[in-house]
Amino acid sequence: MELIKWKDDFSVNIRIIDAQHKQIVEMINRLHSAMSTGKATEIMDEIFRELITYTNYHFEKEEELMKSYNYPGLSAHKLEHEKLSNQVKQYRDDFKSGRSVVSVDVLIFLKNWLLTHIQKTDKQYSAYLNAKGVS
Ligand SMILES: [Fe+2]
Ligand SMILES: [Fe+2]
């Protein structure tokens, strides 16, 4: 079963951002399914690495978009991205060094992290950017 099921309610009303968020949901679900089916460490590490790369790419794109429309909440938003990506990196480092396995706790963290960030922080730019004609 999927850990996260995409809901229309997650939408920020900007097509390209929704597509990227869906991609991240998909990656977290893949990591979850690799974990629950007892996949090899290398596969888990590969998915983790992809998740970090893609998440950073997404954060950059989002920040570029906010910047180009002078979104007033940019610096606070950036700070949140930074904290989140450091946290995910920390999980991966612990996993790689053998200090921890990818546990349910990590996945729950990723799930809550994503959903809270999208639903609280990302949604704050929706109306602002939509009003500027971004959709
Ligand atoms: Fe964001
Ligand atoms: Fe986002």
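Everything below is about the structure shown above.
One structure accompanies this document, and this report is about it. (Residues numbered from 1 in each chain as written. Chains lettered and ligands numbered in written order. Predicted model: local features only at pLDDT ≥ 70, side-chain atom pairs only at ≥ 80, totals over all residues. Heavy atoms only, no water.)

### Looking at the packing of aromatic side chains
Two aromatic rings are characterised by how far apart their centres lie and by the angle between their planes. Tallied over the full model, the rule gives seven aromatic pairs. Where Phe48 meets Phe95, the ring centres are 5.9 Å apart and the plane angle is 35 degrees; that geometry is what we call tilted. You can see Phe48 sitting in helix α2 (residues 41-68) and its partner Phe95 sitting in helix α3 (residues 74-96), a full 47 residues away along the chain. With relative accessibility at 1%, the residue Phe48 sits in the buried group. We classify Phe95 as buried; its relative accessible area is 9%. Both rings, one in Phe59 and one in Trp113, keep their centres 6.4 Å apart while their planes meet at 75 degrees; by these two values the pair is edge-to-face. Residue Phe59 is located in helix α2, and its partner Trp113 is located in helix α4 (residues 104-131); the two are separated by 54 residues in the primary sequence. The same class applies to Phe59 and to Trp113, which are both buried. Three or more aromatic residues joined by ring pairs make a cluster, and in this case those are Tyr71, Tyr125 and Tyr128. (Phe/Tyr/Trp six-rings, centres within 6.5 Å; stacked < 30°, edge-to-face > 60°. Helix = DSSP H or I, 4+ residues; strand = E, 2+ residues; numbered from the N terminus. Buried < 20%, exposed > 50% of the residue type's maximum accessible area, 1.4 Å probe, protein only.)

### Topic: the environment of Asn70
Residue position: Asn70 is located in the loop between α2 and α3. According to the relative accessible area criterion, Asn70 is exposed, its value standing at 62%. Taking the C-alpha atoms as reference points, Asn70 and Phe95, separated by 25 residues in sequence, lie 38 Å from one another.

### Details of the coordination of the iron ion (ligand 1)
Here the iron ion (ligand 1) is held by the protein donor atoms Glu62 (OE), His77 (NE2), His81 (NE2), His117 (NE2) and Asp122 (OD), which lie 2.0 to 2.3 Å from it. Spacing between the donor residues of the iron ion (ligand 1) along their common chain follows E-x14-H-x3-H-x35-H-x4-D. Distance-wise, the iron ion (ligand 2) is placed 3.4 Å from the iron ion (ligand 1), both being coordinated by Glu62. We note that His117, like Asp122, is buried. (Donors = N, O, S within 2.8 Å, 3.2 Å for Na, K, Ca; no water.)

### Focus on the side chain of Asp18
The topology assignment puts Asp18 in helix α1 (residues 15-36). Of the buried charged residues, Asp18 lacks a salt bridge, with Lys22 as the closest side chain of opposite charge at 6.1 Å. Ignoring any residue separated from it by four or fewer positions in sequence, one finds Asp18 in contact with Trp6, Phe10, Ser11, Val12 and Asn13. (Lys, Arg positive; Asp, Glu negative; His and termini not counted. Salt bridge = Lys/Arg side-chain N within 4 Å of Asp/Glu carboxyl O. Contact = heavy atoms within 4.5 Å.)

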